[in-house]
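So the chains spell out like this:
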Amino acid sequence: MVTSLAVGYAMAGALDIPAMIGMMIGGMMGLMSAFAVAENTWQRLTRAILWMPFPYAAVLWLAAELHDDRRLEIGLMVGALALTFFLARFGQMYLLTGMMLFNGLMVGMMANIPAGMSGKALLVALVSAAAVLGTRLLLCFPMPREDLLRTQRAFVVEARRVADAAVEALDPDADQERAVRRMTRALRRLNVTTVTIDGRLAQPEVAADPDMAELLHRHLFDAELALRGIGRAVQDLTGLAVPSHLREALVVGLVVARDTPLGSAQGLRPAAEIIRQQADAALNGSDAGSRRAEAVEPAYRVAQLLDSLAGSLSHWLALGWSSPQSPAKVPFQPTVALERDRPAGSAAATRRVLAAGTETSWRRAVPFVRAPLHAGVAAAIVCPITDAIDPQRFYWGLVGVMITLFGTNTTHERLRKFGHRMTGTVIGAVIGIALLHLVGHGHVYVMLTIIVAGITLGAWGMQRAYALWVVGLVVALVQLYGLTTPDAGMDHLLGERLLDNGLGILIATLCAAVIFPLSGRRITREAERGYVSAVDDLVSQLALRWEDPDAPVRLRGAARALDSALFQVVSLVRPLVRMPLGVRGRDADNRTALLTTATGHARALAAAADIDIDLAPRQAERFTRITTVLTGSLRALDHALATGEPEEAWQRVSPLVRELKAELDTAPSGPRAERVRTALRELAALDDSLAGYAERCGLTVRSASPQGIVSSPMERRTRALVAEWGTRRAPRNAAASERSATVTATAGPGTGPASPERVLPVPPPISATPSGGVAVTVAVAGSIRCGRHPAGCSGWITVINGRGKRVAAGSVQSGRYRVDGLRPGPHTLIVSASAHAPHAELLSVPSAGGTGRIDHDMRL
């Protein structure tokens, strides 16, 4: 901004045009470069910034030519705004083009630039853009290694904030409730920062090879997990009587963690040893049997987690420092997707809902025209109203329309933005007028400093609250308004701006709610389905990891995807206004709390289960049974969220997991055995949390039986009718009654054999087929190979049954895949990959028998 304003001012003097026009043209280059151009190579950065002046200057000339035709001028503004939203679907450069067209029309009408000045305006824009490009290349040159080091420092900053909050929480004289709230906020910020860093690590040119990229993700995940564990342990300690020596050791260890330099992460280990020694002393002391000894277990946990943090953090930082100086692209699949360099919010779920309802006939065009229609219709309504209020500043209403529809997807988000806009405008007006009276109108450089400072602080605050950006923007604009508006008219001017912005926001919100509307509840359910799908992927990868140690699975990556899915859910269920406890509408908070708890257990599960194990055949079969039942419950929950009809039940596997853990507890102890026990404990806790969530979604929750479970009420009714019918026929057909068949059933798709439940007398027609309403399912596993990718392709598998209905889907990781829940009969396997055209193969699933799993390899 400093560069663009200075160059615009200098070019205005050199070309003999008004200084205000030169600064407006140059300042727009700086503003759009800062907010709309984010590239990670100098070539793409140069292309984007040097392209901005051309559409901008072209519409400046057009606005000057049409200045005498008011209706056409306003209509052109409406069309330009709709065009901007249409171009946004085609990529960053198209969006940038649309924004520059709209901004050029707005500045041309606002400044009344004559047509004869268009050439000079283009020259000012070109020189300003070139100067901005030079400044960015000089001060912010895209350097992947330095970007990685900056993200590492950002993580360390948040880690120190967690440690500092923990030190305060251990102070016996501190307000414990306040300390716990501060700890919660610190852990939330740590998670947001970590998810953001994880998404940025997936960008090209971060590391030299995919192995290094994977290690970066792995150590980052483990470091955050250790910090979150420390935070929870300290929160537990706040309610206990901690011996003074142990408390002092904990504080010392956390202070060391807070103040340790970046290159000395291993220095945390001596601090952990001090805590361990004091915990031993407290445990073996004279008061070991008192309540004070209860603090020993959390203290041991803090010491263990400090050791883990030391290892993860030192390895993660060392990988950053050892990354190569020269950029090199990394063929690495991103774990999470970011939106504008932030964790994804409601946009992904909105796109899925929109795509699901627009797959046929003319509705295929809806995703392309929906946002342009919202913008065009809202602008067509707002412009006549704001033009009647003040013809010189009718565009303020258009600004309200634009800011409302950009970056929002639900009515709640738009109304929340309305509140932020109004609040920020009022606060910014008060501060801006006070500064204007203090500085006066004759100190140009001081006013420029305030303008730059206001926009800078606003940009900093935008990541935290939209209202902070509005405050900074209005403070800067008041200084500009002060050049042409007397002090007596400033209140009226700012009040008019507030009114026009508010009208634009509210009308845009109304248009979005009535033109191809999307239900907020439906979008929320789709985000929750995305979360359930992420859990399903984690469980499937866990089963494959323990079944085949060489399988290319990424448990930590699957857990991080769960983090991203939770962000999407939280962004949608956050209420517009927080109501006190005890009123209606708290169910969403309770469901979110259950998902947050489940996510914590999923993180711990992913870290503990990522080991090679060798279970005995009977134990391996029981574990397969557990993952099979859990996967089936997840898909029953997904069906309930999709249809709103909870037809099936959630089968709790936590009793089975605890039985398996109790059996393994008799095995010899060791680090590997302890991690297996931890993994099973976290798996049981994950199932308990999800069972509570499923119950709130309307599903019946029951405990799973080791002998087999019928997966739906319809199947149970069918089995009962078959049994009753066979019993009635028994006296008339003794020979038929002597024959029996073992009917097997599973609670859902899986890879292991179905467990026999009971022997039912079945007539010959029934016994000859596996129908009878019983859910017999088979898993399909295999590989996908091609000549161009010897290491294996990545993509997605979709399975369609003989009726053309999708019955299963799964991901392909390094050429390996597995899909569950296929019933006997003909199916079609479709593989989709970014590097290949879609490929389909026929698959015939046999009746239940054998292992309940078939192998199917595909070659592209």
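Residues numbered from 1 in each chain as written. Predicted model: local features only at pLDDT ≥ 70, side-chain atom pairs only at ≥ 80, totals over all residues. Heavy atoms only, no water.

**What to know about the overall build of the protein**
Next, step 1: What the protein contains, in helices and strands, is 29 helices and 14 strands.
Next, step 2: Split into buried and exposed, the 860 residues of the protein put 51% on the buried side.
Next, step 3: Long-range pairs, those at least 24 residues apart, make up 77% of the contacts in the protein between residues at least 6 apart in sequence. (Helix = DSSP H or I, 4+ residues; strand = E, 2+ residues; numbered from the N terminus. Buried < 20%, exposed > 50% of the residue type's maximum accessible area, 1.4 Å probe, protein only. Contact = heavy atoms within 4.5 Å.)

**Digging into the confidence of the model for the protein**
Next, step 1: The predicted model of the protein has a mean per-residue pLDDT of 80, with 83% of residues at 70 or higher.
Next, step 2: Across the protein, helix H7 (residues 118–139) holds the top mean pLDDT of 93, while strand S5 (residues 741–744) sits lowest at 30.
Next, step 3: Counted against residues more than four places away or in other chains, residues 708–712, with its pLDDT under 50, gives 23 contacts.
Next, step 4: Confidence drops under pLDDT 50 across residues 721–775; counting only partners more than four residues distant or on other chains, this segment forms 106 contacts. (pLDDT = per-residue confidence, 0-100.)

**Quick word on the pattern of salt bridges**
Next, step 1: Enumeration according to the criterion identifies 40 salt bridges in this entry.
Next, step 2: In this structure, Asp164 and Arg182 form a salt bridge, with 2.5 Å as the shortest nitrogen-oxygen distance. Of the two residues, Asp164 is situated in helix H8 (residues 144–169) and Arg182 in helix H9 (residues 176–201); the sequence distance between them amounts to 18 residues.
Next, step 3: As a salt-bridge pair, Arg677 and Glu674 come within 3.7 Å of each other at their nearest N and O atoms. Highlighted residues: Arg677 and Glu674, both in helix H26 (residues 671–696), separated by 3 residues, approximately one helical turn.
Next, step 4: Using a relative accessible area of 41% as the deciding quantity, one classes Glu674 as partly exposed.
Next, step 5: One connected set of salt bridges, linked through shared partners, spans Asp164, Glu168, Arg178, Arg182, Arg258 and Asp259. (Salt bridge = Lys/Arg side-chain N within 4 Å of Asp/Glu carboxyl O.)

**Section: the nonpolar core**
Next, step 1: Tyr531, Trp546, Leu637, Trp650, Leu683 and Leu690 are the most contacted members of the largest nonpolar core, which totals 65 residues.
Next, step 2: At the level of elements, helix H10 (210–237), helix H14 (347–356), helix H21 (520–547), helix H22 (555–573), helix H23 (587–609), helix H24 (617–643), helix H25 (654–664) and H26 are the ones that each hand at least two residues to this core.
Next, step 3: Sequence-distant contacts of Leu637, defined by excluding residues within four places in its chain, comprise Val532, Trp650, Tyr693, Ala694, Cys697 and Leu699.
Next, step 4: By size, the runner-up hydrophobic cluster in this structure holds 59 residues, among which are Leu101, Ala378, Met447 and Val475. (Core = buried A, V, L, I, M, F, W, Y, C linked by side-chain atoms within 4.5 Å.)

**Some remarks on the environment of Pro486**
Next, step 1: Locating Pro486 in the fold gives a position in the loop between helix H19 (466–481) and helix H20 (487–514).
Next, step 2: The exposure class assigned to Pro486 is exposed, which follows from its relative accessible area of 55%.
Next, step 3: A sequence separation of 45 residues divides Pro486 from His441, and the C-alpha atoms of the two residues are 9.9 Å apart.

**Regarding the environment of Thr3**
Next, step 1: As for its position among the elements, Thr3 is in helix H1 (residues 2–15).
Next, step 2: By relative accessible area, which is 23% here, Thr3 ends up partly exposed.
Next, step 3: A C-alpha to C-alpha distance of 9.8 Å links Thr3 and Leu133, two positions 130 residues apart in sequence.
Next, step 4: The contacts of Thr3, once residues within four sequence positions are left out, are Ala131, Val132 and Thr135.

**A short note on empty space enclosed by the protein**
Next, step 1: Applying the stated rule across the entire model yields 6 cavities of 30 Å³ or more.
Next, step 2: The volume enclosed by the largest cavity comes to roughly 170 Å³.
Next, step 3: Taken together, 19 residues line the largest cavity, and the ones lying closest to its centre are Ala159, Ala257, Leu268, Leu309 and Leu313.
Next, step 4: Elements that contribute at least two residues to the lining of the largest cavity include exactly H8, H10, helix H11 (244–259) and helix H13 (296–321).
Next, step 5: For the lining of the largest cavity, the leading source of residues is H8, giving 5 residues.
Next, step 6: A class-by-class count of the residues in the lining of the largest cavity yields 16 nonpolar, 1 polar and 2 charged. (1 Å grid on protein atoms, 1.4 Å probe; cavity = no way out; pocket = protein on both sides within 12 Å on 5 of 7 lines; lining within 4 Å. Points joined across faces, edges and corners; volume = space filled by probe spheres on them. Nonpolar A, V, L, I, M, F, W, Y, C, P; charged D, E, K, R; others polar.)

**Digging into the packing of aromatic side chains**
Describing an aromatic ring pair means giving the distance of the ring centres and the angle of the ring planes.
Next, step 1: Applying the stated criterion to the full structure yields 11 aromatic pairs.
Next, step 2: Sitting over the ring of Phe368, Arg89 keeps its end group 4.7 Å from the ring centre.
Next, step 3: Above the ring of Tyr466, the side-chain terminus of Lys417 is found at 5.0 Å from the ring centroid. (Phe/Tyr/Trp six-rings, centres within 6.5 Å; stacked < 30°, edge-to-face > 60°. Lys NZ or Arg CZ within 6 Å of the ring centre and 35° of its normal.)

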